[in-house]
Amino acid sequence: MAVPLYLLILLVGVLCGESKFMVYNTSQSIVPGKLNVHLVPHTHDDVGWLKTVDQYYVGSNNSIQGACVQNVLDSVVPALLADKNRKFIYVEQAFFQRWWRDQSETVQSTVKQLVSSGQLELINGGMCMHDEAVPHYIDMIDQTTLGHRFIKEEFGITPRIGWQIDPFGHSAVQAYLLGAEVGFDSLFFGRIDYQDRAKRKAEKSLEVVWRGSKSLSSSAQIFAGAFPENYEPPKGFYFEVNDDSPVVQDDRNLFDYNVQDRVNDFVAAALSQANITRTNHIMWTMGTDFKYQYAHTWFRQMDKLIHYVNQDGRINALYSTPSIYTDAKYATNGSWPIKTKDFFPYADRVNAYWTGYFTSRPALKGYVRMMSGYYLAARQLEFFNGRSKSGPNTDSLGDALAIAQHHDAVSGTEKQHVADDYAKRLSIGYKEAEDLVAESLACLASKTGCQNAVTKFQQCPLLNISYCPPSEIDLSSGKKLVVVVYNSLGWTREDVLRIPLTQVIDENVTVWDSSGQEIESQIIPISNGSLGIRNYYSAAYLGKAPSLSPAYWLAFSASVPPLGFSTYTISSAKRTAAASKRQTFYKSRGNKNDIVEVGPGNLKLVYSGNEGELTRYINNKRSVNASVQQSYSFYLAHDGSTDLEPQAAGAYIFRPNGSFSIKSERQQVPLTVYRGPILDEVHQTINSWIYQITRVYKGKEHAEVEFTVGPIPIDDGIGKEIVTRISTNIKSNKTFYTDSSGRDFIERIRDYRADWSLQVNQPVAGNYYPINLGIYMKDTNTELSILVDRSVGGSSIVDGQVELMLHRRLLHDDSRGVAEALNETVCVHDECTGLTIQGKYYLRVDPQGEAAKWRRSFGQQIYSPFLLAFAEQDGDKWESSHVPTFSGVDASYSLPENVAMITLQELQDGKVLLRLAHLYEIEEDQDLSVMASVELKKLFPNKTISKISEMSLSANQERAEMLKKRLVWKVEGSNDVEPTVLRGRPIDPSELVVELAPMEIRTFSIDFNYKSSTSER
C-alpha cells in the first residue's frame, strides 16, 4: 500500500527534530502594579476519615480510598530539590512526625534546609486540623501545642499561618485564641455558608479582620480569609495523575499544542477571582485531599504555567505560600472589613445545614470529653510525683486525644471502623495514664516516700455504666474500702460521690472522712435499666459478662482541697448516728391532683402525680418560682427522595422531616421517687428505649438529669434524631446564647444572621448551634441555663424553650463523602443492637444576671470531675502508713474563683508548662468579670521558681517576641488608635504574681529549684 507523500515528510520532520531540554523560568516574585496570582501547592490529609490515620499514612486499605501520605512526603522532597523556586506547605503533624521518624539523618538534614529556605513551610502546625464546633478549647490548645513544640524543637521555627480549610464552620475561639494568641498573622479557611459567601463575593469581603472575642477585642484580632469556593484549585487546574484537567502541552513537535489556550484559561480564572478580591493579590490553593502522591505531575504543570503566563505578561504568576501572600496583603496598607462572632451554622446549599455532626456519635464525644478531663488531672499528678524517664507517662493519651480532635474524628463524621480506631487509641493511652495515676497517688499518699509505696490503687473507667470491680467487694468480712478522691481544680470542692456496692447488708454502711469522722451517707437502689446497660456494655467492652452485679449506690459528700486529694473509708458497721440512710420510696399512682415535690435542700422540683411531668422549679433562697416542663421528641430524618437535588440527613447534615412528641408509655406508675438526706432521685420510664433519672442534691441549686436513650427503633425504615425540650415562660424574643468551644458565650437570634439577610429554608436545622459548655436564655426577670457533659447540638426553636439533640440513628448517607449511614450498633456474641447513649445535662433557673457564676464554676466541675482511686484495707494499718489528705498548693491558698488552671505539665526537658485562664467575659458578672491575680509562690509552696518565661498560647515562643512580630491590621471605619484592651501586666520575677483580665489565658514555662519534700520528687 502506498504511503502518502505528506505523511512521509511529517514523519521525517518528527524523527529529525532536535531534542531540546526546556528550562522554565519559575523565579518570578511579586510584581507591583500587576495582578499577582500566588500559587500555593498543598495537600489536605485527613488524620482519619474513610481510613484510619495509620492506613492513610502507609497507604493500606486502598479499596476504600487510594491515599498514601507517606508517598506524598516522599514525593514532595525531591520535587522541591529539583527547583529552588518551588514551594509547598504541609499541615498535619500527626502524619509529618510519623514520616520524620522514618527518615535518615541525611534526609532530615535536607528537609531542614528546605524548611529554613522557605521552600517547605509547616503551617497551622497542630497534630491535626481540629474541628471547631465540637472540641473543647483546652483540647484545641493541647493538640496545637504538641505540634508546635515539635516544630520548634526540630526546626527552630514557629508557624505563622492558621490553615483551617476543611472544618465545617469556624468558631470565634479559633480566631482569637488558636489564631492570634498562638502568634498567627493570618487564618485561612474554606467553608462558610453559601449565602454568606455569595454576599461576601459581591462586596469583596471574603477577607476580613476577625475579632472573635468581645473581651480581648483588637488585642486578639487576626486577618482572616475565606476561599472563593473551597480549598481546591480553580476548575481545570487539577494535575494529580489521571486528573482530567488539560495539561500544558508545549512541545510544538507533538499534536495538541495548547500553550496559549492554557494561558488564556489561567488569565480568565485569575481575573474572575480578582473581581471578588481586594488588592492585586489572589491565592490559588493548588491541591486538595491527599494530592501530590506523585508531586512531579503538579510541579511540571505549575512550572509551565508560571513560565508562559509571565511571558504573556497580562498578569503575574508565582510560587508562593500563605505567609508570602499574607505579607503581600499587609504591604498594601489597606483597611479591611470587620468580622465578629463566628461562622456557624454552615450550609453548603439549600436544605444542607451541617448541624447534625454537632451530636453525631455521642458516645465517642462523651469518651473524648471524659479522657480530656482525665488527661488534665493525670498531668498534674505526673508533675507532683515527677516525670518518669522509664515508667508510665501521659504522652500516649495526649497523642490519642490530639488525633481525636481532627475534624472527622470527634465530629462523628468518619466511617465506623475509623471511629473504633480513635476509641482504641484513647483506651490504650488511658491505660498507661491510669498506671501513672495509680503510681503517683500511691507515692503522694505514702508516709514513707515513693520508694516504699506499695499500695495498688485501682480505678473505674466504666463507672458511668455502674461497673466498678474495685468497689464491689464483700464488706461483711471486715474489709474496708478506701477511696482516694483527687480534685484537679484550683479551689476546694465539695461534691456528692456515688459508688456501686455489691451486697445489700443488714448492717449499715459507714463512711469516714480524712479526719476519721463518720459522715452522712445514703443508699440508693440501682435501677434494673442501669443494671441491664451495665451487664450488656461491660460484656461488649471486656468480652465477658461480669460475675457480680451491684445492688445499690452509696452516696456521700466529699470535700477535697485544691490540686489535692482526700481519703474516705467505707465499711460495714453497726448502726450509728451517721450510718447510711436508706431512702424513702415513693411511687406515684397517677392520682388526680397528686403533686410530688422533691429536693432535700433549697431547690425543689414539683411534678404532677397524674402525668408524672415536671411542672415547677422552686428555689426559695433565690426567690425563684418558675414554670418548667421537660419532654422528649424525635425528628424524622429526611431521605431526600422528593428533591430535585436529593439531600438526605446524615452524619454531617441535619435535615428533619417533621417532629413528633414521645408520649410516655407508663400506665400505673408515672414516676418513682427515692428520697434521702443527701439527694432525691426521680426515676421515669419514658418508653421502652428512654429512661431518665433526675437528681436534686441537698447542697446544690441545680437539677442533674441523667438520660438513657436507645436503641433508637428503626423498624419502620426511618432514621430518627432524639431531642429533649425544656419549656418555660421566659420571654426570650427569639434570642438565646451558646458557648464557643467552651469559652465565650455568643448571642444567637432565631432566623437571623448579622452578616447577611438570611433566606430561611430550614427553620430547625438552620437555627442549630454547637454546644460544648452550655446554652441559656433570659428575659428581664429570669435566666434558664443548661450545661452539658459533651458536645451536642441545640437551639431555641420556640420562645421560652431550649432543646438539645441527644442521639441520632440514620439510615441514609448524606453524600458528603463518608458513604456510610450513621447507624451505630454494639455487638455481643455476634448479636448487634443499636447504640444506647447515657449522658447528663444540668439545669438551673436564676434571677436575671445571677447565673454566670454557676455556669462558669460548675462548668469547670463538669469538665474536671473528681478522679477516684480505690484500695482495700485490712484492719487499721492504712492510717499508720498513709497521709489522709494532700494539696499541692499552700494550705491557706486557692485560686481565685474566676481563674482555672488548665495546664500543669512537666515536659520532657524538665521545664514545667503552666496555663491559667480567666473564666469570665467582660460585663458577664458584676463581681467576677474583673482583673484576677494568682500568687505563684503560694501555688507552688514546696518549690522555688528559678526562671519563668511567659510564652505564646502554644508555648513555642516567648510572648514578648510574638507581640513584636505581630502584624497590626487596619479596620474599615475605625481611627488609627484602638481603645486600650485590659490585659494582665508582665510578671515580676520577684513578686511572681500573675494578673489575668477577663477571658485572658496566660502560658508560662517554668524552671524550678526543688525543695526537699517527702511527697514530691
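Here we take up the state of the cysteines. Per the stated rule, a full pass over the model turns up 2 disulfides. In this model cysteine 460 forms its disulfide with cysteine 468; the gap between the sulfur atoms is 2.0 Å. Taking the sign of the S-S torsion, 60° for the link of cysteine 460 and cysteine 468, the bridge is right-handed. Put simply, cysteine 827 and cysteine 832 are joined by a disulfide, and their sulfur atoms are 1.9 Å apart. Negative torsions about the S-S bond denote left-handed disulfides, and the value of about 105° found for cysteine 827 with cysteine 832 makes this one right-handed.

Another point: the nonpolar core. Core analysis: the largest hydrophobic core is formed by 228 residues, its most contacted members being Phe96, Phe266, Tyr292, Val934, Leu936 and Phe940. Sort the elements by how many residues they give to this core and helix α14 (residues 416-445) lands first, with 13 residues. In this structure phenylalanine 266 touches Val37, Leu39, Phe237, Trp284, Leu305, Val309, Ile315 and Ala317, once residues within four positions along its chain are discounted.

The omega torsion across phenylalanine 344 and proline 345 is -10°, close enough to zero to call that bond cis. Looking at the element boundaries, proline 345 is found in the loop between β11 (338-340) and β12 (347-349). The omega torsion of the bond from glycine 710 to proline 711 falls at -10°, within 30 degrees of zero and hence cis. Looking at the secondary structure, you find proline 711 in the loop between β31 (703-709) and β32 (720-728). One non-glycine residue, leucine 992, adopts positive backbone phi at about 55°. Along the chain, leucine 992 turns up in the loop between β49 (970-971) and β50 (993-996). For leucine 992, a relative accessible area of 6% gives the class buried.

Turning our attention to the environment of proline 600. Considering the arrangement of structural elements, one finds proline 600 in the loop between β23 (595-598) and β24 (603-608). For proline 600, a relative accessible area of 26% corresponds to the partly exposed category. Note: C-alpha distance between proline 600 and arginine 387 (213 residues apart in sequence) is 45 Å. Those residues in contact with proline 600, other than ones at most four positions away along the chain, are Gly676, Pro677, Ile678, Leu679, Asp680, Val696, Tyr697 and Lys698.

With that settled, consider the pattern of salt bridges. Tallying each qualifying case throughout the model produces 66 salt bridges. When the shortest N-O distance is used, the salt bridge between lysine 720 and aspartate 716 registers 2.8 Å. Measuring nitrogen to oxygen at the nearest pair gives 3.0 Å for the salt bridge that ties arginine 856 to glutamate 924. Residue arginine 856 is found in helix α16 (residues 852-863), and its partner glutamate 924 is found in the loop between β46 (912-918) and β47 (932-935); the two are separated by 68 residues along the sequence.

A separate point is the packing of helix α3 (residues 69-81) against helix α4 (residues 93-102). The N-to-C vectors of α3 and α4 enclose an angle of 65°; their axes lie 10 Å apart at closest approach. For the element pair α3 / α4, the angle class is roughly perpendicular. Along this stretch, α3 crosses α4, giving a crossing that reads as right-handed. Residues Val69, Gln70, Leu73, Asp74 and Val77 of α3 pack against Phe95, Phe96, Trp99 and Asp102 of α4. Among the residues making up the contact of α3 with α4, the classes are represented as 6 nonpolar, 1 polar and 2 charged.

Cut-offs applied
Residues numbered from 1 in each chain as written. Predicted model: local features only at pLDDT ≥ 70, side-chain atom pairs only at ≥ 80, totals over all residues. Heavy atoms only, no water. Disulfide = S-S within 2.5 Å. Core = buried A, V, L, I, M, F, W, Y, C linked by side-chain atoms within 4.5 Å. Buried < 20%, exposed > 50% of the residue type's maximum accessible area, 1.4 Å probe, protein only. Helix = DSSP H or I, 4+ residues; strand = E, 2+ residues; numbered from the N terminus. Contact = heavy atoms within 4.5 Å. Salt bridge = Lys/Arg side-chain N within 4 Å of Asp/Glu carboxyl O. Axes fitted to C-alpha atoms, helices over the stretch in contact; angles between N-to-C directions. Parallel < 35°, antiparallel > 145°, perpendicular 65-115°, else oblique. Left-handed = near helix turned anticlockwise from the far one by under 90°. Nonpolar A, V, L, I, M, F, W, Y, C, P; charged D, E, K, R; others polar.

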